[in-house]
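Close look at the chain arrangement
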Amino acid sequence: MANKVSGVISVDDGGNSTCVVTKDCTEMFPSVKGHYGERNLTSATGKYDFIVEYKGEKYVMGTLAKYDCDMPIQMHTNSKQNDYFDMSVLVAIHQYGYMSNNLVVSVPIKMHNTEEKNGRISRLKGSHTITVNGERKTFVINDVRVAPESAVAYWIDEPQGKVRFLDIGSRTLGYATTLSEYGDLRFIDTDSGTIFGKGVEALGDAYNPKGLADFICGRLARSWGEKDKVYLLGGGALDDTLVGYIKNYFSNAEVMRNPKMANAIGMYNLGRVAFNGS
């Protein structure tokens, strides 16, 4: 980061994974964290092994927390206004960002309201100091844009006409509709939303591909047509069995390229426009 002065960075701080995009990199690491506690054999040797010191506390994070932590922490709260989501963003910037950052983060569509957006902005905007694997860095977040999860994937290919997005995440199911015609883009609020607690990881042992497809597609079929163009994203879109069941409802459903990174890529593309390509 010493050679990087300023730039746009998007951080999709999900429950399972934190996805990061800049002009120089596309990275993804586990979002899981844990309190450091008393340890005798801990060292950060893997690419995504992180020992983090933040606000006077010490944590393990990433693959280190995933594989070596008694009480791993994964946030499934509706709001992202807490230190654990902040930490995902700040570690991402420490590792892959700039001294001066124009940041894009996200919240679920159902939480894309003034209170949540302003809350995230106030927590993240400004100067931050954080230590990762013994390296202490101070950097600045100049400005923050808060994008709606799921819908932001529009900015990858900017498809024309009416298009649906179904985002099968670890903690939530997001769905969105965009309408692009005559040079105008509309996000259709009445055909977009979030279902909390029904993500693949949130369901745990109750996860069943057919059951999940029937649950979400049965709801969406009230307003989504069988022949509508539906783009699938999120980690759940990597489950071929689940995708097959979804296609029983929406025959034109298509898995996006790199579906786990789709939100972050769309966020970065949006950020380049919002920040004038800086």
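See the structure shown above.
Residues numbered from 1 in each chain as written. Predicted model: local features only at pLDDT ≥ 70, side-chain atom pairs only at ≥ 80, totals over all residues. Heavy atoms only, no water.

1. Some remarks on the pairing of strand E2 (residues 17–21)
Put simply, the test is: For each residue, the accessible area found with a 1.4 Å probe, counting protein chains only, is set against the maximum for its type, and the residue is called buried under 20%, exposed over 50%, and partly exposed in between. Note on conventions: DSSP H or I runs of at least 4 residues are helices, E runs of at least 2 residues are strands, and numbering of each starts at the N terminus. Pairing between two strands is assigned when DSSP locates at least 2 bridges connecting them.
With five of its five residues buried, E2 lies for the most part within the structure. In E2, alternate side chains face the same way, and those of Ser17, Cys19 and Val21 on one face and Thr18 and Val20 on the other are all buried. In this structure, strand E1 (residues 6–13) lies alongside E2, joined through four bridges in antiparallel fashion. Of the residues in E2, the one forming a bridge with Val11 is Val20. If you look at the hairpin formed by E1 and E2, you'll find three residues sitting between the two strands. Where E2 lies against strand E3 (residues 26–30), five bridges are found, and the strand directions are antiparallel.

2. A word on the pattern of salt bridges
How we decide: The rule for a salt bridge is simple: a side-chain nitrogen of Lys or Arg has to be within 4 Å of a carboxyl oxygen of Asp or Glu.
For the structure on display, the rule yields 16 salt bridges. Across the salt bridge formed by Lys80 and Asp13, the nearest N and O atoms sit 3.0 Å from each other. With Lys80 in the loop between helix H1 (63–67) and helix H2 (83–96) and Asp13 in strand E1, this pair connects stretches of sequence that are 67 residues apart. A single salt-bridge network, built from bridges that share partners, covers Asp13, Lys80, Arg120 and Glu149.

3. Remarks on the environment of Ser43
Operational definition: By definition, residues are in contact when any of their heavy atoms lie within 4.5 Å.
Among the secondary structure elements, Ser43 is positioned in the loop between strand E4 (33–35) and strand E5 (49–54). Sequence separation of Ser43 and Asn133 is 90 residues, and the distance between their C-alpha atoms is 8.8 Å. Setting aside chain neighbours within four positions, we find Ser43 in contact with Asp49 and Leu64.

4. A short note on the environment of Asn208
The following threshold applies: Polar contacts, as counted here, are pairs of nitrogen or oxygen atoms within 3.5 Å of one another; within protein the pair requires one atom able to donate a hydrogen and one able to accept it, and residues that are adjacent in sequence qualify only if both atoms are side-chain atoms.
Structurally, Asn208 can be placed in the loop between helix H5 (200–203) and helix H6 (209–220). For the pair formed by Asn208 and Thr241, sequence separation is 33 residues and the distance between their alpha carbons is 9.8 Å. A polar contact of 2.6 Å, which involves the side chain of Asn208, links it to the backbone nitrogen of Gly211.

5. Some remarks on the nonpolar core
Put simply, the rule reads: By convention a nonpolar core is built from buried Ala, Val, Leu, Ile, Met, Phe, Trp, Tyr and Cys residues, the set being connected through side-chain atoms within 4.5 Å.
If you look at the biggest cluster of nonpolar residues, it comprises 31 residues, and the most contacted ones within it are Phe29, Phe50, Val52, Met87, Val91, Leu103 and Ile130. Among the secondary structure elements, those contributing two or more residues to this core are E1, E5, strand E6 (57–62), H2, strand E7 (100–107), strand E8 (126–132) and strand E9 (135–148). Looking at which element gives the most residues to this core, the answer is H2, with eight residues. If we skip the residues at most four places from it in the chain, Leu103 touches Ile9, Val11, Val89, Ile93, Leu124, Ile141, Asp143, Val144, Arg145 and Phe275.

6. Let's talk about the pairing of strand E12 (residues 184–187)
Alignment of strand E11 (residues 172–181) against E12, held across four bridges, turns out to be antiparallel. Across the sheet, Ser180 pairs through a bridge with Leu185, a residue of E12.

7. A few points about the side chain of Ser106
Tracing the backbone shows Ser106 in strand E7. Among the polar contacts listed, one links the side chain of Ser106 to the side chain of Asp12, at a separation of 3.3 Å. Not counting the four nearest positions on each side in its chain, Ser106 is found in contact with Val11, Asp12, Asp13, Lys80, Arg120, Val146, Ala147, Glu149 and Met267.

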